[in-house]
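Below are the chains, spelled out letter by letter.
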Amino acid sequence: MQLYMKQKVFSWKDKFSILNSYGEDKYYVEGKVISVGKKLRIYDTAGNELAFVSQKVVSLMPKFVVEMNGQEVATIKKKFTLLKPKYLIEGPGWEVQGNFTSHDYEIVDKGTVVVSIHKKWMSFGDAFELDIPDENNEILAVAVVLAIDAVMDSQERSASFGD
């Protein structure tokens, strides 16, 4: 299953659609305008909450938690490394591999691809293509990708403030 995620560049809060391969809305993502740490909710087209992604701000390195049906199902942690970013996904035991700076990476489970992420470069705003072979992993995979994207986005913003 291919999904397309395009985030709006100029928005007071995080709010965008995730489209299926036919260009139809499949999910909605909405964040809080003012909150301590990033908080994102994933909804289906009927308005039912499917997942909640929240940043844990009392942490040395960026850390996000994914909840589904009121249960914590995954923790995404950025590991401290000198060369390239590394993420640990606790819960499902997934691993992240690839090139984060070019937004071209995969999340794998024991060698099997859970989701492939590719950034679309010739678009206004951030646009990503997610290829998720097993539909059962779809919501959790989207939530994990959103958490990783939030870490990369916050680091890009903090780096640009230093210029």
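It should be noted that the structure appears before, not after, this text.
Residues numbered from 1 in each chain as written. Predicted model: local features only at pLDDT ≥ 70, side-chain atom pairs only at ≥ 80, totals over all residues. Heavy atoms only, no water.

A. View of the pattern of salt bridges. Inspection of every chain in the model, using the stated rule, returns 5 salt bridges. Here E30 ties to K15 by a salt bridge, and the two come within 4.0 Å at their closest N and O atoms. Linking E30 in strand β3 (residues 25–31) with K15 in strand β2 (residues 15–19), this pair joins segments that are 15 residues apart in sequence. Residue classification places E30 among the partly exposed positions, given a relative accessible area of 27%. Assessed through its relative accessible area of 44%, K15 is described here as partly exposed. Here E90 makes a salt bridge to K77, at a shortest N to O gap of 3.1 Å. (Salt bridge = Lys/Arg side-chain N within 4 Å of Asp/Glu carboxyl O. Helix = DSSP H or I, 4+ residues; strand = E, 2+ residues; numbered from the N terminus. Buried < 20%, exposed > 50% of the residue type's maximum accessible area, 1.4 Å probe, protein only.)

B. Region of interest: the side chain of S116. Tracing the backbone shows S116 in strand β11 (residues 112–120). With a relative accessible area of 10%, S116 lands in the buried category. In this structure the side chain of S116 is engaged in a polar contact, spanning 3.4 Å, whose partner is the side chain of E106. Those residues in contact with S116 that lie beyond four places of it in its chain are Y105, E106, E129, L130 and D131. (Polar contact = N/O pair within 3.5 Å; in protein donor to acceptor, adjacent residues only side chain to side chain. Contact = heavy atoms within 4.5 Å.)

C. View of the nonpolar core. By size, the foremost hydrophobic cluster in this structure holds 39 residues, and its most contacted members are I76, I107, L130 and I148. Broken down by element, the residue count for this core peaks at 13 residues, all from helix α1 (residues 138–161). Among residues more than four places away in sequence, those in contact with I107 are I89, W94, E95, V96, T112, V113, V114, V115, I117, V144, V145 and I148. (Core = buried A, V, L, I, M, F, W, Y, C linked by side-chain atoms within 4.5 Å.)

D. Spotlight on a nonpolar patch on the surface. On the surface, V36, V57 and V58 cluster together to form a nonpolar patch covering roughly 330 Å² of accessible area. By the secondary structure assignment, V36 is in the loop between β3 and β4 (39–44). Since its relative accessible area comes to 62%, V36 is described here as exposed. (Patch = residues over 30% accessible without salt bridge, like charges linked within 9 Å, V, L, I, M, F, W, Y side chains within 5 Å. Areas by Shrake-Rupley, 256 points an atom, 1.4 Å probe, with all protein chains shown as cover.)

E. Structural context of the environment of A127. Residue position: A127 is located in strand β12 (residues 127–131). Given the relative accessible area of 10%, A127 is considered buried. Leave out the neighbours within four places in its chain, and A127 touches M5, K6, H118, K119 and K120.

F. Spotlight on the pairing of β4. Residues L40, I42 and D44 point to one face of β4 and are all buried, whereas K39, R41 and Y43, pointing to the other face, are not buried. Bridge count between β3 and β4: 5 bridges; the pairing is antiparallel. Counted as the bridge partner of G31 is L40 from β4. Pairing geometry for β4 and strand β5 (residues 49–55), over 5 bridges, is antiparallel. The residue of β5 that forms the bridge with K39 is S54. Linking two consecutive strands that pair antiparallel, namely β4 and β5, is a turn of 4 residues; a positive phi of about 90° is found at G47 within it. (Pairing = 2+ DSSP bridges.)

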